[in-house]
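# Structural characterization, general
Single-letter residue listing:
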Amino acid sequence: KAGVTQTPRYLIKTRGQQVTLSCSPISGHRSVSWYQQTPGQGLQFLFEYFSETQRNKGNFPGRFSGRQFSNSRSEMNVSTLELGDSALYLCASKRGTGAHEQYFGPGTRLTVT
Amino acid sequence: GDSVTQMEGPVTLSEEAFLTINCTYTATGYPSLFWYVQYPGEGLQLLLKATKADDKGSNKGFEATYRKETTSFHLEKGSVQVSDSAVYFCALEKAAGNKLTFGGGTRVLVKP
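Residues numbered from 1 in each chain as written. Chains lettered and ligands numbered in written order. Predicted model: local features only at pLDDT ≥ 70, side-chain atom pairs only at ≥ 80, totals over all residues. Heavy atoms only, no water.

## Notes on the overall build of chain B
Our working rule: Here a helix means four or more residues in a row that DSSP labels H or I, a strand means two or more in a row labelled E, and each is numbered from the N terminus. Each radius of gyration reported is based on C-alpha atoms, and the globular scaling rule is 2.2 Å times the count of residues to the power 0.38. The rule is simple: take the accessible area with a 1.4 Å probe, protein chains only, and divide by the maximum for that residue type; under 20% is buried, over 50% is exposed, in between is partly exposed. By the convention used here, residues are in contact when the closest approach between their heavy atoms is within 4.5 Å. For the area figures, the Shrake-Rupley method with a 1.4 Å probe applies, and any residue is considered shielded solely by the protein chains shown. For the purpose of charge, His is not counted, nor are the chain termini; Lys and Arg are scored as positive and Asp and Glu as negative. Note on charges: their place is set at NZ of Lys, CZ of Arg, CG of Asp or CD of Glu.
A tally of regular secondary structure across chain B gives 0 helices and 12 strands. In chain B, the order of α-helices and β-strands from amino to carboxyl end is β-β-β-β-β-β-β-β-β-β-β-β. Computed over the C-alpha atoms, the radius of gyration of chain B is 13 Å, within 12% of the 13 Å expected from 2.2 N^0.38 for a compact globule of 112 residues. A principal-axis box enclosing the C-alpha atoms of chain B has dimensions of 45 × 30 × 20 Å. Residue burial in chain B is summarised as follows: out of 112 residues, 45% are buried. Pairs at least 24 apart in sequence give 56% of the contacts found in chain B among residues at least 6 apart. For chain B, the exposed surface amounts to about 5,300 Å²; the carbon and sulfur share of it is 48%. Each charge sign in chain B was given a centre, from 11 positive and 12 negative side chains, and these centres are 4 Å apart.

Okay, here's the thing in structure tokens:
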């Protein structure tokens, strides 16, 4: 069974631009979560989607948004990029309510210059 | 709010040495506890989990026991290999949601 895939793997953007990252969960998984990993703040939860609905949201500004499609694929968008948005963005999928294991993708490395 | 505290690294060991990484948590209710491992340039891999008090999670020679009385979930391995060099993250998940709260990570370096 294929794992969680994320595209692109690497991205370089300029301050003020916007970016869209994509995540394809494991087949049959309905929950997708996003995390930001930085050296200073560590791993922080962004949001979680289940059946196209955002169920949980972390403490990030409104510039960070996401959505989930009917096939469970998810995208996250960051608008008006800041230098501090440079990070590894990780996506994780989970079968659904009651399951405990979250499976992570390899991440998208975003660099903002 | 919920939080996870784990020992800071780096932890440097010789091959076949015993590894312990301490992890304690603060959370209301009865969270599930996890250890994830991250190899260079990769995402996180679930190493083991425990979903209730006194549960022992184990995988690939690693073990951790959910101790509610001490709010701890320490990771141990009896004999490490060079291939165990990675960053290890302790995490909790509350029963009510899918959000994982992570510790700061502990870098482990095993030398031959």
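Now that the structure is up, let's keep going.
## Considering the nonpolar core
For clarity, the threshold we go by: Take the buried residues of types Ala, Val, Leu, Ile, Met, Phe, Trp, Tyr and Cys, join any two whose side-chain atoms come within 4.5 Å, and each joined set is a nonpolar core.
Residues Leu19, Trp35, Leu48, Phe73, Leu75, Tyr88 and Val108 of chain B are the most contacted members of the largest nonpolar core, which totals 25 residues. Sorting the residues of this core by element identifies strand 2 (11-14), strand 3 (19-21), strand 4 (23-26), strand 5 (32-38), strand 6 (44-50), strand 8 (62-65), strand 10 (86-93) and strand 12 (106-111) of chain B as the ones contributing at least two each. When residues of this core are assigned to their parent elements, the largest contribution, 4 residues, is made by strand 10 of chain B. One finds Val19, Phe47, Leu81 and Tyr89 of chain A within the second-largest nonpolar core, a separate group that totals 21 residues.

## Regarding the pairing of strand 7 (residues 56-59) of chain B
Residue and element names in this part refer to chain B. Test applied: Only strands joined by at least two bridges in the DSSP assignment are considered to pair.
By the bridge criterion, 4 bridges tie strand 7 to strand 8 in an arrangement that is antiparallel. By the bridge assignment for strand 8, Gly57 is matched with Ala64. Counting the residues between successive antiparallel strands, the hairpin from strand 7 to strand 8 contains 2 residues, one of them, Lys60, with a positive phi of roughly 50°.

## Section: the pattern of salt bridges
What counts is decided by this rule: Salt bridge, as applied in this entry: a Lys or Arg side-chain nitrogen positioned within 4 Å of an Asp or Glu carboxyl oxygen.
Per the counting criterion, the structure on display carries 11 salt bridges over all chains. Across the pair Glu93 of chain B and Lys94 of chain A runs a salt bridge, and its minimum N-O distance is 2.6 Å. Separated into two different chains, Glu93 of chain B in strand 10 and Lys94 of chain A in strand 9 (residues 87-94) make up a pair that spans both. Exposure remark for Lys94 of chain A: the relative accessible area of 1% places this residue in the buried category. For Asp2 of chain B, the salt bridge goes to Lys94 of chain B, with nearest N and O atoms at 3.3 Å. Of this pair, Asp2 of chain B sits in the segment before strand 1 (3-6) while Lys94 of chain B sits in the loop between strand 10 and strand 11 (100-102), and the two are 92 residues apart along the sequence. Connected via shared salt-bridge partners are Arg63, Glu82 and Asp85 of chain A.

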